[in-house]
Amino acid sequence: MTTATDDTRLGILEGRMTEQSIAIQELRSDLREGLQQVNARLDEVNARFEQTNNRIHQLTLAVIGVGGTVAVAILSFAGVLAFQLIQNG
C-alpha cells in the first residue's frame, strides 16, 4: 500500500526521468548534427586533397616532359658536335 508521500516521490522521480529523457534526445540530436557537419568538412578536405594530388601529378608529368625535351636536345647537340668533329677530322 502506497502513501501520498510515496506517490509524490514517485511523481517527482517520474518527472525527473522525463526531463532526463528529453535532455538525452536533445543531446543525441545535437551530436548527430555535429557529426553531419564534421562529415561535410571532411568531404571538402578530401576534395581539396584530390585536387592537390591531381595538380601534383600534372606538374610531375610536365617536369618529365621538359626533362625529356632537354635530354633530347643535349643528345642532338652532342650528335651534331660529334658529326662535325668527324668531318673536320
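Heads up: the structure comes first, above all this text.
Residues numbered from 1 in each chain as written. Predicted model: local features only at pLDDT ≥ 70, side-chain atom pairs only at ≥ 80, totals over all residues. Heavy atoms only, no water.

Caption draft 1: Structural detail: the overall build of the protein. Check the secondary structure of the protein and you find 1 helix and 0 strands. A compact globule built from 89 residues should have a C-alpha radius of gyration of about 12 Å, whereas the protein, at 38 Å, is more than 25% larger. For the protein, the spread of C-alpha atoms along the three principal axes comes to 125 × 15 × 10 Å. Expressed as a percentage of its 89 residues, the buried residues of the protein come to 0%. Within the structure as shown, the protein displays about 8,300 Å² of accessible surface, and the carbon and sulfur contribution to it stands at 62%. (Helix = DSSP H or I, 4+ residues; strand = E, 2+ residues; numbered from the N terminus. Rg over C-alpha atoms; globule rule 2.2 N^0.38 Å. Buried < 20%, exposed > 50% of the residue type's maximum accessible area, 1.4 Å probe, protein only. Areas by Shrake-Rupley, 256 points an atom, 1.4 Å probe, with all protein chains shown as cover.)

Caption draft 2: Layout of a nonpolar patch on the surface. Side chains of L35, V38 and L42 sit close together on the surface and give an oily, nonpolar patch of about 280 Å² of accessible area. Along the chain, V38 falls in helix α1 (residues 4-88). (Patch = residues over 30% accessible without salt bridge, like charges linked within 9 Å, V, L, I, M, F, W, Y side chains within 5 Å. Salt bridge = Lys/Arg side-chain N within 4 Å of Asp/Glu carboxyl O.)

Caption draft 3: Layout of the environment of F49. Summarising the element assignment, F49 is placed in helix α1. By relative accessible area, which is 55% here, F49 ends up exposed. Distance from F49 to L31, taken between C-alpha atoms, is 26 Å for residues 18 residues apart in sequence.

Caption draft 4: The arrangement of the environment of T69 in detail. Locating T69 in the fold gives a position in helix α1. Among the polar contacts listed, one links the side chain of T69 to the backbone oxygen of G65, at a separation of 2.9 Å. (Polar contact = N/O pair within 3.5 Å; in protein donor to acceptor, adjacent residues only side chain to side chain.)

So yeah, pure geometry; function would need other evidence.
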